[in-house]
Amino acid sequence: MNKKQIIWLQVFYWSFSFIGNTIAPYFFFPERREFQWYVLNFTYFFTEISTFYILYLLIIPKIFRLEKLYSAAFVFLISILCFGLIRYGIEEILLPNTLGFRNYNKDTGLLYYLTDNIYNGSLTVFIAGILWILEKYGVAENDKKQLLIEKKQAELQALKTQINPHFIFNSLNNIYSLVYQKSDKALPAIEELGQLLRYSTKDLEKDFIPLDKEIGYMDSLIALEKLRIRNPELLHIEKEIQYPHLNISPMLLVPFVENAFKHGDFRDKGFEMKISDRDKILHFYLLNFKKQKMKDPVSGIGIQNVKKRLEILYPKHVLMIKDLETEFIVDLKIDLRNE
């Protein structure tokens, strides 16, 4: 329960109490339509609301501890004393000296007055305690949830900033190799990288991008990699996209493709990639042949990064990675219907 709800509960309670103590008696008890009686009803309401906020704002926050039972008993005693003293001060001291009447007999002592008001004050103490507990622990729970959300957002932002430098580093290595070989493919590779950077610098700042833009990243990456491999015709790619405007977290699929090119064997073997969004369920499948003596093709930042982001953003995703002797397979399914 949040603060706004607590405030509305208080408004409702005091409206109900005011109507019950000061307005309703006028209609239900016409035989008691006397000035003195209405004044005493109002002083009772004033005592209630005064005691309530003294408890709610001062006594309970300072003394009460939910895990310590004795603190509850101590708060109750102080609260009853507070209620009785406020009411006694108004009805037995202030009213006789100003309006000439009191609530109890003139000979009533303070001790009797206090004990006689235990029942009346108990309801106020109970309501104040319940609302304070609801606010304290309800607001604390909301704050905890908000902190978790902010933590996840910060973690996601940190993870996304890791992707871009890692991606650039690998691409620059490829281009360096082409330049070193004085290949005429170097200039197109630089242009392709420039296009990728224009995309990534804008879209990495966003929480989600259209699915067709993520696929566009992969197409650009594959086009860049085709410039350096010996047999680009061995790359088999199938795309079946019915909902190109579905939202997806940026750079979520690209690291898998990047990993395939980084660790794949493209001398006489290619790779197979399939992507579809049938029924708005994204299905991404990627198979590549591993280089010989490749021990740990997933040890880099990219795929570990994606795993963490998937856990945060898509907790119901299904990711199967098979690291076989000669093949590396990624099979990922994400429900994009609610994005």
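Heads up: the structure comes first, above all this text.
Residues numbered from 1 in each chain as written. Predicted model: local features only at pLDDT ≥ 70, side-chain atom pairs only at ≥ 80, totals over all residues. Heavy atoms only, no water.

Draft legend 1. Quick look at the side chain of Asp-277. The residue Asp-277 is located in the loop between β4 (271-276) and β5 (281-289) in this model. Buried and unpaired, Asp-277 has no salt bridge, with Arg-278 as the nearest side chain of opposite charge at 7.5 Å. Reaching out from Asp-277, the side chain makes a polar contact with the backbone nitrogen of Gln-242 at a distance of 2.7 Å. Among the polar contacts listed, one links the side chain of Asp-277 to the backbone nitrogen of Tyr-243, at a separation of 2.7 Å. If we ignore the near neighbours within four places in the chain, the residues touching Asp-277 are Leu-211, Glu-240, Ile-241, Gln-242, Tyr-243, Pro-244, Leu-246 and Leu-282. (Helix = DSSP H or I, 4+ residues; strand = E, 2+ residues; numbered from the N terminus. Buried < 20%, exposed > 50% of the residue type's maximum accessible area, 1.4 Å probe, protein only. Lys, Arg positive; Asp, Glu negative; His and termini not counted. Salt bridge = Lys/Arg side-chain N within 4 Å of Asp/Glu carboxyl O. Polar contact = N/O pair within 3.5 Å; in protein donor to acceptor, adjacent residues only side chain to side chain. Contact = heavy atoms within 4.5 Å.)

Draft legend 2. Expanded view of the pattern of salt bridges. For the structure on display, the rule yields seven salt bridges. Glu-240 is the salt-bridge partner of Arg-278, the closest N and O atoms lying 3.1 Å from each other. Here Arg-278 is found in the loop between β4 and β5, whereas its partner Glu-240 is found in strand β2 (residues 235-240), with 38 residues between them in sequence. The partner of Asp-335 in a salt bridge is Arg-337, with the nearest N and O atoms 2.6 Å apart.

Draft legend 3. Looking closely at unusual backbone geometry. Even without a glycine there, the phi angle at Lys-182 is positive, about 55°. Structurally, Lys-182 can be placed in the loop between α5 (118-180) and α6 (186-203). Even without being a glycine, Asp-279 presents a positive backbone phi close to 60°. As for its position among the elements, Asp-279 is in the loop between β4 and β5.

Draft legend 4. Up close: the environment of Leu-57. If you trace the backbone, Leu-57 turns up in helix α2 (residues 35-63). C-alpha of Leu-57 to C-alpha of Trp-132: the two residues are 75 residues apart in sequence and 8.7 Å apart in space.

Draft legend 5. The arrangement of the sheet that holds strand β6 (residues 318-323) in detail. Here five strands make up an open sheet; going across it, the order is β2-β4-β5-β7-β6 and the pairing mixed. Taken across any chain shown, the strands that pair with only one partner, and hence form the sheet edges, are β2 and β6. Strand-to-strand, the axes of this sheet are offset by a mean angle of 5°, without reference to chain direction. Here β4 pairs with β5 via six bridges, running antiparallel. Each bridged residue has a counterpart across the sheet, and for Glu-272 the counterpart in β5 is Leu-287. Set on the sheet, helix α8 (residues 254-263) makes contact with β2, β4, β5, β6 and β7 (327-335); between it and β5 the angle comes to about 5°. (Pairing = 2+ DSSP bridges. Axes fitted to C-alpha atoms, helices over the stretch in contact; angles between N-to-C directions.)

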